[in-house]
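This is what each chain is made of:
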Amino acid sequence: MPTPTEYLKHTSVIIITGGSSGIGCSIIKAIKKLVPTATVCNLSRSKPGVFFDQHVIHIATDLSDSKAVAAAAEQLNIIIAGAEAGEILLINNSGFGDYGRQQDLDRAKQLQMIDLNVRAVVDLTAHLLPQMLERGGCVVNVTSTAGFQPTAYLATYGATKAFVLNWTLALGEDLRGTKVRTLAVCPGPTRSNFFKSAGFETPPMQEGASWTPDMTSELVADLTLLALAKGKSLLVTGWRNQLIAFFGSKFPIMVVTRVGAAILRKMRLETHQGNSK
Ligand SMILES: NC(=O)c1ccc[n+]([C@@H]2O[C@H](COP(=O)([O-])OP(=O)(O)OC[C@H]3O[C@@H](n4cnc5c(N)ncnc54)[C@H](OP(=O)(O)O)[C@@H]3O)[C@@H](O)[C@H]2O)c1
């Protein structure tokens, strides 16, 4: 079994979305630490600040805009065509959530979330797959433990992650026998900008809630590279998240929906808005 460094040395181009912060940023840092000369193309709206060198190419892209996805894919296909022989690693990581009761949330933001978390993942993968099939590689999709069960108060977000989880696993089967495989990465609560952009006034892991299985984005990045090197198809980060994912998929769906709703309600609505029902 190759080490993460050995695996990365077999790649010629690494494409990641959402490398400007959080998990994506930590994945780029981890790659650069192991293989400083790795060619990494980052797609996000803002430029990753640190670690910039001539091997990191930033393509400023709003992935919720399908025309921007097509334009970025065109640039990426040119970069891949001109690259040395080697596998292509595509990491679809960009995403955001929006916390609250569905009826209180902004309609446009929900649709933008679907465009980013779902449409862009399918679209970018489809654009790059022909060259990946020729060269070999892996499609890594960052989904979430939220994808294992319905998530009230994060209804649209959880459903986008369920889509990506199922789509990634099914795509892996479709690709069986080819040179391309897939890896679905399911982090649980991870310290990043995610909670702020999702509308949590305070990240749940900083409220002294010691039961939360939270992790650093650096640990999620290291686990992802290890799972890649091991050839895994599914990574649920950490045993506590694995336990949550197990119960989420094994118990009757109405039970996990209600229990999940009670937990998520506690995370903000009760503590910050005082409007629990
Ligand atoms: N943190 C958690 O607890 C957690 C748990 C499970 C799964 N996840 C998943 O992990 C992934 C990374 O999230 P994170 O925790 O690292 O959060 P984060 O720090 O908020 O990072 C989100 C990334 O997505 C990019 N992004 C957002 N909107 C975009 C757009 N319209 N076009 C292109 N890129 C866009 C952001 O870049 P720009 O703003 O520069 O565009 C940023 O780099 C997400 O898919 C998230 O759902 C996170």
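Please refer to the structure placed before this passage.
Residues numbered from 1 in each chain as written. Predicted model: local features only at pLDDT ≥ 70, side-chain atom pairs only at ≥ 80, totals over all residues. Heavy atoms only, no water.

1. What to know about the side chain of Thr168
- Mapped onto the secondary structure, Thr168 falls in helix H5 (residues 155-174).
- With near-sequence residues (within four places) excluded, Thr168 lies in contact with Asn141, Thr182, Leu183 and Ala184. (Helix = DSSP H or I, 4+ residues; strand = E, 2+ residues; numbered from the N terminus. Contact = heavy atoms within 4.5 Å.)

2. Focus: the pairing of strand E6 (residues 180-186)
- Among the 7 residues that make up E6, 6 are buried, leaving the element largely enclosed by the rest of the structure.
- Note: strand E5 (residues 137-142) against E6, 6 bridges, orientation parallel. Pairing of Cys138 across the sheet is with Arg181, part of E6.
- In the classification by handedness, the crossover that spans E5, the intervening H5 and the parallel E6 is right-handed. (Buried < 20%, exposed > 50% of the residue type's maximum accessible area, 1.4 Å probe, protein only. Pairing = 2+ DSSP bridges. Right-handed = clockwise from strand over helix to strand, strands pointing away.)

3. Brief notes about the sheet that holds strand E1 (residues 11-17)
- An order of E3-E2-E1-E4-E5-E6-E9 is seen for the 7 strands of this open sheet, with the pairing classed as parallel. The open sheet terminates on both sides in strands that have one partner only, identified here as strand E3 (56-60) and strand E9 (234-236). Going from strand to strand, the sheet's axes swing by 15° on average, the running direction of each strand aside.
- Strand direction decides the pairing type here: strand E2 (residues 40-44) and E3, joined by 5 bridges, are parallel. Among the inter-strand pairings, Leu43 is bridged to a residue of E3, identified as Ile59. (Axes fitted to C-alpha atoms, helices over the stretch in contact; angles between N-to-C directions.)

4. Points about the packing of helix H3 (residues 66-81) against helix H4 (residues 107-135)
- Put simply, H3 and H4 touch, their axes get as near as 10 Å, and they point 20° apart. The angle between H3 and H4 places the two elements in the roughly parallel class. The two elements H3 and H4 meet at a crossing, and its hand is right-handed. Taken together, the residues of H4 that come into contact with H3 (itself represented by Ser66, Val69, Ala70, Ala73, Leu76, Asn77, Ile80 and Ala81) are Arg119, Ala120, Asp123, Leu124, His127, Leu128, Gln131 and Arg135.
- Considering only residue class, the contact of H3 with H4 consists of 9 nonpolar, 4 polar and 3 charged. (Parallel < 35°, antiparallel > 145°, perpendicular 65-115°, else oblique. Left-handed = near helix turned anticlockwise from the far one by under 90°. Nonpolar A, V, L, I, M, F, W, Y, C, P; charged D, E, K, R; others polar.)

5. Remarks on the site of the ligand
- Ser46, Asn93, Tyr157, Thr190 and Ser192 are the nearest of the 30 residues found near the ligand.
- If the ligand stood free it would expose 870 Å²; the protein chains cover 94% of that surface.
- For the shell around the ligand, the elements supplying multiple residues, two or more each, are helix H2 (22-34), H5 and helix H6 (194-197).
- Along the lines of polarity and charge, the residues of the shell around the ligand split into 9 nonpolar, 18 polar and 3 charged. (Near = heavy atom within 4 Å. Areas by Shrake-Rupley, 256 points an atom, 1.4 Å probe, with all protein chains shown as cover.)

6. Digging into the packing of aromatic side chains
- Per the counting criterion, the structure on display carries 7 aromatic pairs.
- Judged by centre distance (5.2 Å) and plane angle (90°), the ring pair of Phe194 and Phe195 falls under edge-to-face.
- Phe195 gets classed as buried once you look at its relative accessible area, which sits at 6%.
- Considering the side-chain rings of Phe247 and Phe251, the 5.3 Å spacing of their centres and the 70° angle between planes classify their relative orientation as edge-to-face.
- The exposure class of Phe247 is partly exposed, given its relative accessible area of 38%. (Phe/Tyr/Trp six-rings, centres within 6.5 Å; stacked < 30°, edge-to-face > 60°.)

7. What about the environment of Ser64?
- Checked against the element boundaries, Ser64 lands in the loop between E3 and H3.
- A polar side-chain atom of Ser64 sits 3.5 Å from a polar atom in the side chain of Gln112. (Polar contact = N/O pair within 3.5 Å; in protein donor to acceptor, adjacent residues only side chain to side chain.)

8. Overview of H5
- Relative to the 28 Å expected for 20 residues at 1.5 Å per residue, H5 spans 28 Å between its end C-alpha atoms, a close match to the ideal helical length.
- Residues of H5 that are buried include every one of Thr156, Tyr157, Gly158, Thr160, Lys161, Val164, Leu165, Thr168, Leu171 and Gly172, and no others. (Expected span 1.5 Å × (residues − 1).)

9. Considerations on the packing of H2 against helix H7 (residues 217-230)
- Where H2 contacts H7, the two axes come as close as 8 Å, and the packing angle between them is 55°. Our classification of the angle between H2 and H7 gives oblique. Here H2 runs over H7; the crossing is right-handed. Touching Gly22, Ile23, Ser26, Ile27, Ala30, Ile31 and Leu34 of H2 are Ser217, Glu218, Val220, Ala221, Asp222, Thr224 and Leu225, all from H7.

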